Amino acid sequence: GAGVSQTPSNKVTEKGKYVELRCDPISGHTALYWYRQSLGQGPEFLIYFQGTGAADDSGLPNDRFFAVRPEGSVSTLKIQRTERGDSAVYLCASSWTSGLTDTQYFGPGTRLTVL
Amino acid sequence: SQELEQSPQSLIVQEGKNLTINCTSSKTLYGLYWYKQKYGEGLIFLMMLQKGGEEKSHEKITAKLDEKKQQSSLHITASQPSHAGIYLCGAHSGNTPLVFGKGTRLSVIA
């Protein structure tokens, strides 16, 4: 079946603007994760959802970052007042549940560039 | 918080050679994942190891988990250009989000 999809694949914006990044998980997966990957680093956890609720948002760097998953499927990561330091690849992953042994399957990522 | 250290950071091998990548955790491992990433793409799941001493293989890639050493190794036999990419290990420490190492960049030359 279809894997995790993310749109857009690339996003260039200006400092101070608002952006939305979308993630469409694998059908039937109840858990959805957002990560941020900077150049030369591994992915860093931002937030995860179990169903519609954010189960753990401890990785969000500050209150400019917010994510929603209103119907328990598609999720949107929202970044307000973007800063140059927000430039990175934003990865989404999904799994059947949020159990420790449930493999997370990743999307191709959205490359965000803040000028 | 848990940290995963991968070694080496980068590796260049000749096609047909064997190689090993290591991932060492600062805390007890509760499941260790190996992923592969190519430029512009997401992470591709390779294997997950759960128990100490566990070993799994897929095609020419074998991964082992040494629970006592809090370490996992990924071994590629007879490397091919298709094996080139960035290999990432990820792990949980208890009921915590997945933490990743910085990755090992593998290049395979003809």
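Residues numbered from 1 in each chain as written. Chains lettered and ligands numbered in written order. Predicted model: local features only at pLDDT ≥ 70, side-chain atom pairs only at ≥ 80, totals over all residues. Heavy atoms only, no water.

Trainee: Would you mind going over the pattern of salt bridges with me for this structure?
Mentor: Side-chain pairing between opposite charges can occur once the charged atoms of the two side chains come close. All names here are of chain B. Under the definition given, this model contains 5 salt bridges over all chains. Between Glu-54 and Lys-56 there is a salt bridge whose closest N-O contact spans 3.8 Å. Among the residues examined, Glu-54 registers a relative accessible area of 23% and is labelled partly exposed. The exposure class of Lys-56 is partly exposed, given its relative accessible area of 31%. Across the salt bridge formed by Lys-64 and Glu-55, the nearest N and O atoms sit 4.0 Å from each other. Judged by relative accessible area, which is 47%, Glu-55 ranks as partly exposed. (Salt bridge = Lys/Arg side-chain N within 4 Å of Asp/Glu carboxyl O. Buried < 20%, exposed > 50% of the residue type's maximum accessible area, 1.4 Å probe, protein only.)

Trainee: How do you make sense of the sheet that holds strand β8 (residues 75-79) of chain A when you look at a structure like this?
Mentor: Residue and element names in this part refer to chain A. As summarised here, the arrangement of the 4 strands in space is β1-β3-β8-β7, forming an open sheet in which the pairing is antiparallel. Strands at the two margins of the open sheet, each flanked by one partner only, are β1 (5-7) and β7 (65-68). Neighbouring strand axes in the sheet, compared pairwise and without regard to direction, differ in orientation by 15° on average. Inspection of the sheet shows strand β3 (residues 19-24) paired to β8 by 5 bridges, in the antiparallel sense. What sits directly across from Arg-22, in β8, is Thr-76. (Pairing = 2+ DSSP bridges. Helix = DSSP H or I, 4+ residues; strand = E, 2+ residues; numbered from the N terminus. Axes fitted to C-alpha atoms, helices over the stretch in contact; angles between N-to-C directions.)

Trainee: Whenever I open this one, the sheet that holds strand β7 (residues 61-66) of chain B confuses me. Can you help?
Mentor: Residue and element names in this part refer to chain B. Judged by pairing direction, the sheet is antiparallel, and its 5 strands sit side by side in the order β1-β3-β8-β7-β6 without closing on themselves. At either margin of the open sheet sits one strand with a lone partner, and together these are β1 (4-7) and β6 (55-58). The mean inter-strand angle of the sheet, taken between neighbouring strand axes irrespective of direction, is 15°. Where β1 lies against strand β3 (residues 19-25), 4 bridges are found, and the strand directions are antiparallel. Each bridged residue has a counterpart across the sheet, and for Ser-7 the counterpart in β3 is Asn-22.

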